[in-house]
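# A closer look at the structure
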Amino acid sequence: MSSVDAPFGRLLTAMATAFKEDGSVDLDATAAIATHLVDHGHDGVVVSGTTGEAPTTTVPEDGEILAAVKDAVGDRATVIAGVGTNSTSHSVELARQAEKVGADGLLLVAPYYNKPSQGGILHHFTSVATATDVPVMLYDVPSRVGTTIALDTYAAAIELEPVVAVKDAVGDLARGVRLREMGYAVYSGDDVANLAWLAHGAAGVVSVVGHVAGDETRAMIDAWDRGDHTEALAVFTRLLPAIDAVMGVANYGATTAKAGLELLGVLDNRRVRGPLVPLDDDEVAALRAGLEASGLL
């Protein structure tokens, strides 16, 4: 067993949101995704993140998605609600809604596009984190946001009682160790670095590849936790073709997750909302080849 404090569990996936043919949210299919994940090794799920296409969903839709997933798996897994936007008042509104619905945690990304100063980022984090009593996982992903959270900002944010964790997609492992020393539970936010993060004391992973490789990712974590690092590396190595296939294309995330779920028979379509477009047949063929090479199909 791991001695690492993992407040939301060891294995989570930032899950996709399913849509109907008319473009509306398919709550039943979204709940089925959550059930599939929890049936395949997951301790928790994150809804309404980037992979859940949160930039295209409304506040009422976010509440409905969270409620559907809580109803489906909330007695077996933690359910984290993405509330990060580039408007502080909007994020506060989402956080308060998530608390009312019963979220077990909030995922709060640094504001994107408007690129606030570190003071502005801390103001945003403080405003949202103190709006509810729900535990908060910060999210540091400069490739999408355009800004990296500074260590001084982290040092101030961890003083906020609800802030307990960070999903790190910066890729600086030594920096992650420093965040652990500050008191953060650090979660890997990049599937290709999951094993490396475990070696650096990560609390767990927030995956995308977990949509199609939940049991295998769980096996890697379990092998690491029991001290069988050779087996953990072997599992990770087997997953590399799938990781490359899911994360290694420009149009990855919701598009590859949904196409993968379609290949597994969890979904009967791979619909996304614009500006995303579904994988075309050639892209699906490449995804299938990667999943097959990892033994997932």
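Residues numbered from 1 in each chain as written. Predicted model: local features only at pLDDT ≥ 70, side-chain atom pairs only at ≥ 80, totals over all residues. Heavy atoms only, no water.

Looking at an unreviewed UniProt entry, one finds the protein chain named 4-hydroxy-tetrahydrodipicolinate synthase and attributed to Nocardioides flavescens. Recorded under Subunit (unreviewed entry), the UniProt text for the protein chain is reproduced unchanged: "Homotetramer; dimer of dimers." (UniProt positions renumbered as here; feature names shortened; annotations may be inferred.)

## Thoughts on the UniProt feature "binding site: pyruvate" (unreviewed entry) in the protein chain
The positions UniProt marks with the feature "binding site: pyruvate" (unreviewed entry) are T51 and V206. Separation in sequence by 156 residues is not matched in space for these annotated residues, since their most distant C-alpha atoms are only 11.3 Å apart. Looking at where T51 falls in the secondary structure, it is placed in the loop between β2 (44-47) and α2 (59-73). Residue class for T51 comes out buried when judged on its relative accessible area of 8%. Dropping the residues within four chain positions of it, T51 is found in contact with A14, M15, A16, T17, V208, H211, G253, A254 and A257. Discounting chain neighbours no more than four positions away, the residues touching V206 are L12, A14, V46, M137, K167, Y187, S188 and G189. (Helix = DSSP H or I, 4+ residues; strand = E, 2+ residues; numbered from the N terminus. Buried < 20%, exposed > 50% of the residue type's maximum accessible area, 1.4 Å probe, protein only. Contact = heavy atoms within 4.5 Å.)

## Some words on the nonpolar core
Core analysis: the biggest nonpolar cluster contains 95 residues, and V83, L138, Y184 and Y187 have the highest contact counts within it. Looking at which element gives the most residues to this core, the answer is helix α10 (residues 229-247), with 8 residues. Apart from the residues within four sequence positions on either side, L138 is in contact with L107, L108, F125, Y154, A157, V163, A165, V166, K167 and Y184. (Core = buried A, V, L, I, M, F, W, Y, C linked by side-chain atoms within 4.5 Å.)

## Topic: α2
With 15 residues, α2 should cover 21 Å at 1.5 Å per step; its first-to-last C-alpha distance of 21 Å lies within 8% of that length. Those residues of α2 that sit buried are V59, E61, D62, G63, I65, L66, A68, V69, K70 and V73. Its buried side turned inward, α2 meets α1 (27-39), β2, β3 (78-82) and α3 (88-101). (Expected span 1.5 Å × (residues − 1).)

## A closer look at the packing of helix α11 (residues 254-264) against helix α12 (residues 281-293)
Packing of α11 against α12 leaves a shortest axis separation of 10 Å and a crossing angle of 70°. On the basis of the axis angle, α11 is roughly perpendicular to α12. Crossing of α11 against α12: the hand is right-handed. Here T256, A259, G260 and L263 of α11 come into contact with α12, specifically with V284, L287, R288 and L291. Classifying every residue of the contact of α11 with α12 by side-chain character gives 5 nonpolar, 2 polar and 1 charged. (Axes fitted to C-alpha atoms, helices over the stretch in contact; angles between N-to-C directions. Parallel < 35°, antiparallel > 145°, perpendicular 65-115°, else oblique. Left-handed = near helix turned anticlockwise from the far one by under 90°. Nonpolar A, V, L, I, M, F, W, Y, C, P; charged D, E, K, R; others polar.)

## Some thoughts on the side chain of E53
Residue placement: E53 occurs in the loop between β2 and α2. Of the residues examined, E53 reaches a relative accessible area of 2% and is grouped as buried. A distance of 2.8 Å separates a polar side-chain atom of E53 from the backbone nitrogen of R273. With residues near it in sequence (within four places) discarded, E53 still touches T17, F19, A254, K258, R271, V272, R273 and L276. (Polar contact = N/O pair within 3.5 Å; in protein donor to acceptor, adjacent residues only side chain to side chain.)

## A look at the environment of L276
Tracing the backbone through its elements, the reader meets L276 in the loop between α11 and α12. Sequence separation between L276 and G253 is 23 residues; the distance between their C-alpha atoms is 9.9 Å. Once residues within four sequence positions are removed from consideration, L276 is found in contact with E53, N251, A254 and T255.

## A short note on the sheet that holds β2
Strand order in the closed barrel made by the 8 strands is β1-β2-β3-β4-β5-β6-β7-β8, with parallel pairing throughout. Averaged over neighbouring strand pairs, the angle between their axes works out to 25° when direction is ignored. Two strands pair when backbone bridges link them, and strand β5 (residues 136-140) and strand β6 (residues 163-168) are joined in this way by 5 bridges, in the parallel orientation. Across the sheet, the residue bridging to V136 is V163, located in β6. Running at roughly 170° to β3, α2 makes contact with β2 and β3 of the sheet. Along the sheet, helix α9 (residues 210-225) contacts β1 (11-14) and β8 (204-207); its crossing angle with β1, the most-contacted strand, is approximately 160°. (Pairing = 2+ DSSP bridges.)

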